[in-house]
Amino acid sequence: MSGFFENLSLGYQVAFSAANLLYCFIGVFIGTLIGVLPGIGPVGTISMLLPVTFGISPTSAIIMLAGIYYGAQYGGSTTSILVNIPGEVTSVVTCLDGYQMARQGRAGPALGIAAFGSFIAGTIGAIILMFVAQPLSGVGIKFGPPEYFSLIILALTLLSYLAHGSMVKAIIMAILGVGLSQIGIDVVTGRVRFTFGIIDLEDGLGLAPVFMGLFGVGEVLVNLEESLYIEVFKAKIKGLLPNLKDWMESIGAIIRGTFLGFFLGVLPGGGAIISTFVSYALEKKLSKHPEKFGKGVIEGVAGPESANNAASSGAFIPLFILGLPSNAITALLLGALMIHGVAPGPFLISKHPEIFWGTIMSMYIGNVMLLVLNLPLIGLWVKVLKVPYKVLFPILLLLCIIGSYSINSSKFDVFIMFIFGIIGYLFKKFDYEPAPLVMAFVLGPILENSLRQSLLISGGSMLIFLTKPISVSCLIIALFVLLSPIILQKSRRIRSKISQSSISDTP
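Procedures and definitions
Residues numbered from 1 in each chain as written. Predicted model: local features only at pLDDT ≥ 70, side-chain atom pairs only at ≥ 80, totals over all residues. Heavy atoms only, no water. 1 Å grid on protein atoms, 1.4 Å probe; cavity = no way out; pocket = protein on both sides within 12 Å on 5 of 7 lines; lining within 4 Å. Points joined across faces, edges and corners; volume = space filled by probe spheres on them. Helix = DSSP H or I, 4+ residues; strand = E, 2+ residues; numbered from the N terminus. Nonpolar A, V, L, I, M, F, W, Y, C, P; charged D, E, K, R; others polar. Axes fitted to C-alpha atoms, helices over the stretch in contact; angles between N-to-C directions. Parallel < 35°, antiparallel > 145°, perpendicular 65-115°, else oblique. Left-handed = near helix turned anticlockwise from the far one by under 90°. Contact = heavy atoms within 4.5 Å. Phe/Tyr/Trp six-rings, centres within 6.5 Å; stacked < 30°, edge-to-face > 60°. Buried < 20%, exposed > 50% of the residue type's maximum accessible area, 1.4 Å probe, protein only. Core = buried A, V, L, I, M, F, W, Y, C linked by side-chain atoms within 4.5 Å. Expected span 1.5 Å × (residues − 1). Salt bridge = Lys/Arg side-chain N within 4 Å of Asp/Glu carboxyl O. Polar contact = N/O pair within 3.5 Å; in protein donor to acceptor, adjacent residues only side chain to side chain.

Engineer: Can you walk me through the layout of surface pockets in this structure?
Structural biologist: Gaps left between atoms are located by rolling a probe of water-molecule size over the structure's atoms. If you add up the space inside the second largest pocket, you get close to 820 Å³. Forming the boundary of the second largest pocket are 33 residues, of which Ile 183, Asp 203, Gly 204, Leu 205 and Gly 206 lie nearest the centre. Elements represented by at least two residues in the lining of the second largest pocket include exactly α8 (167-181), β1 (184-185), α9 (207-226), α14 (328-339), α18 (389-408), α19 (411-429) and α20 (435-458). Per-element accounting of the lining of the second largest pocket gives the leading share, five residues, to α20. Of the residues that constitute the lining of the second largest pocket, the class distribution is 17 nonpolar, nine polar and seven charged.

Take a look at the structure:
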């Protein structure tokens, strides 16, 4: 127990240093800002700011990038409530009741409960993370190459299954991501692979240019084409502090959304997105007046907003313990750690305690900062919403170019960024979700190394993956997930035939 308090003390020392307080503030401020602005999102922002972190310590980098991640969950609610457009994809459900509350003159309580619910959920999520991560790291030590290989296969399969669109398209994206990760020099044989004679590709594709292209440039191109018009709710916003009745109706939803969001956030895929829908459905199910949902009930704002913030804390469990991201944002955080020479996984807590404990403590501080930013500065965020996109997007494009070039002072990286920008635009147009590609691109080298090490251990036998309990369990679940759409489709057909036959037999 004394060791726990020593680590806690270390975390506070790291988080309360002047530099890390500044980076935490920068992260949550930018996170709130991009959460308010629809069409940008934390993935694109972190991609653009990744090169900025190369000149600072790994701890400061993760504190800032994590701040952008959970800060965006706060900002997204503002746009959902005032504009009826989700600033961040996890705030889609908030539009249902948040905007209706605004139309009824209750924008203040809606914004207030969203901020307080997010604060409570973010704080409790950080506490749970603090207590469960270290014990679970002991489980992570039991993972060898076969277990890591099977776990990555399971993670990519779950991500493909939980993708917004077609599962087949998501699997194609995951395979493409693994393929792109193989470009460059093979670390085992020293042979050059898939470079097509281009010397600049021998070191492989850079994480930052690829991600900035897919999520930065690609997003700019899509939004310029759509010419989004935003009409901000014009009524005076007052009474940001919820009254006692609002708290009585919301506190249960906040607590349920917090725990639901945290544990769903651990799942690979859209844990934060799924948790908001599940939270909303749960509150509607438990409510004494379910018919009022969608017409402006405060529980419909409190539950989902708590769930998406808690989910952002839960997503750090697989990242810190196993070194595996659960979504596109944590994949970028994994990439940032790898660029800084830090290997995430079960030994992260023991080898780099300042990163783990410093990040957790910064979450407490960041949540307090976000509460201050979101309530008194609501007028500022309303003005930000009125910034024309024709002004905003050229600035974003310029940041992408500067960020991409500054990494290696290479024009080739800028070229790669624009190539993937066009690819990202086409992905959006044809409904190919880039998240499986991002995760597969980051995890591809780990997947390949785990496969090779496993085969070396077994003398080339693939049976090694079926003789390890954790490995075979992951593969069985992955196979079930892959086959479940086929099984469900066949069961529907059988039920349909039975019902038709029973109808025809009825005299």
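Engineer: Explain the packing of helix α4 (residues 58-83) against helix α12 (residues 299-314) here, please?
Structural biologist: Each pair of packed helices can be described by the angle between their axes along with the distance between the axes. Contact geometry for α4 and α12: axes closest at 8 Å, N-to-C directions at 160°. Relative to α12, α4 is oriented roughly antiparallel. Here the hand of the crossing between α4 and α12 comes out right-handed. Facing α4, whose interface residues are Tyr 69, Tyr 70, Gln 73, Tyr 74, Ser 77 and Ile 81, α12 presents Val 301, Glu 305, Asn 308, Asn 309, Ala 311 and Ser 312. Its residues assigned to classes, the contact of α4 with α12 comprises six nonpolar, five polar and one charged.

Engineer: Got a minute to help me understand the packing of aromatic side chains in this structure?
Structural biologist: Two aromatic rings, taken as a pair, are described by how far apart their centres are and by the angle between their planes. Applying the stated criterion across every chain yields a total of 12 aromatic pairs. Arranged with centres 4.7 Å apart and planes meeting at 40°, the rings of Phe 149 and Phe 465 form a pair that is tilted. Residue Phe 149 is found in helix α7 (residues 145-161), and its partner Phe 465 is found in helix α21 (residues 464-467); the two are separated by 316 residues along the sequence. Judged by relative accessible area, Phe 465 falls into the buried class, the value being 3%. Here Phe 356 and Trp 357 contribute two aromatic rings whose centre-to-centre distance is 5.1 Å and whose plane-to-plane angle is 85°, an arrangement assigned as edge-to-face. A residue is classified by how much of its surface remains accessible, and Phe 356, at 0% relative accessible area, is buried. Its relative accessible area of 0% is what places Trp 357 among the buried residues. An aromatic cluster is defined as three or more aromatic residues linked by ring pairs; in this entry it consists of Tyr 69, Phe 316, Phe 320, Phe 356 and Trp 357.

Engineer: Is there a simple way to think about the environment of Ile 407 in this case?
Structural biologist: Relative to the helices and strands, Ile 407 resides in helix α18. Judged by its relative accessible area of 24%, Ile 407 is partly exposed. C-alpha separation for the pair Ile 407 and Pro 209, spaced 198 residues apart in sequence, amounts to 9.0 Å. The residues touching Ile 407, leaving out its near neighbours within four places in the chain, are Pro 51, Phe 54, Ala 208, Pro 209 and Met 212.

Engineer: In this structure, what is going on with the nonpolar core? I would like to understand it.
Structural biologist: Burial of nonpolar side chains together is a common tendency in soluble globular proteins. One finds Leu 205 and Phe 316 to be the most contacted residues of the largest nonpolar core, which totals 106 residues. Among the elements that make up this core, the one with the highest residue count is helix α16 (residues 353-374) (11 residues). Setting aside residues no more than four positions away along its own chain, Leu 205 makes contact with Leu 180, Ile 183, Val 210, Ile 416, Phe 420 and Phe 441. In terms of nonpolar packing, the next biggest core, distinct from the first, is built from 16 residues, Val 83, Ala 110, Leu 111 and Ile 254 among them.

Engineer: What am I meant to see in α7 here?
Structural biologist: Note on helix geometry: an α-helix contains 3.6 residues per turn, so any two residues three or four positions apart are oriented the same way. A rise of 1.5 Å per residue sets the reference length of α7, with its 17 residues, at 24 Å; its end C-alpha atoms lie 24 Å apart and thus fit the reference within 8%. Burial analysis of α7 places 14 of its 17 residues in the buried class, which makes it a mostly covered element.

Engineer: Any chance you could explain the pattern of salt bridges here in plain terms?
Structural biologist: Close approach of charged atoms allows side chains with opposite charge to pair. The final tally for this structure, using the stated rule, is seven salt bridges. The shortest N-O distance in the salt bridge between Asp 246 and Arg 106 comes to 2.7 Å. Linking Asp 246 in helix α10 (residues 244-265) with Arg 106 in the loop between α5 (94-103) and α6 (107-140), this pair joins segments that are 140 residues apart in sequence. Among the ionic pairs, Arg 256 bridges to Glu 283, the shortest N-O distance being 2.8 Å. Taken together, the residues span a long stretch of sequence, with Arg 256 in helix α10 and Glu 283 in helix α11 (residues 271-286) at a distance of 27 residues. Accessibility expressed as a relative area gives 4% for Glu 283, which makes it buried. Counted as one network, the salt bridges with shared partners bring together Asp 186, Arg 193, Glu 448 and Arg 452.

Engineer: What should I look at first to understand α19 in this one?
Structural biologist: Look at α19: 27 Å from first C-alpha to last across 19 residues, which is about the 27 Å you get at 1.5 Å a residue. Inspection of α19 places Phe 412, Asp 413, Val 414, Ile 416, Met 417, Phe 420, Gly 421, Gly 424, Tyr 425 and Phe 427 among the buried residues, and these make up the whole buried set. Taking the backbone nitrogen of Phe 412 as reference, a side-chain oxygen 3.1 Å away marks Ser 410 as the first, capping residue of α19. Just downstream of α19 lies Asp 431, where phi reads positive at about 60°.

In short, the description is geometric, and any link to function would need to be established separately.
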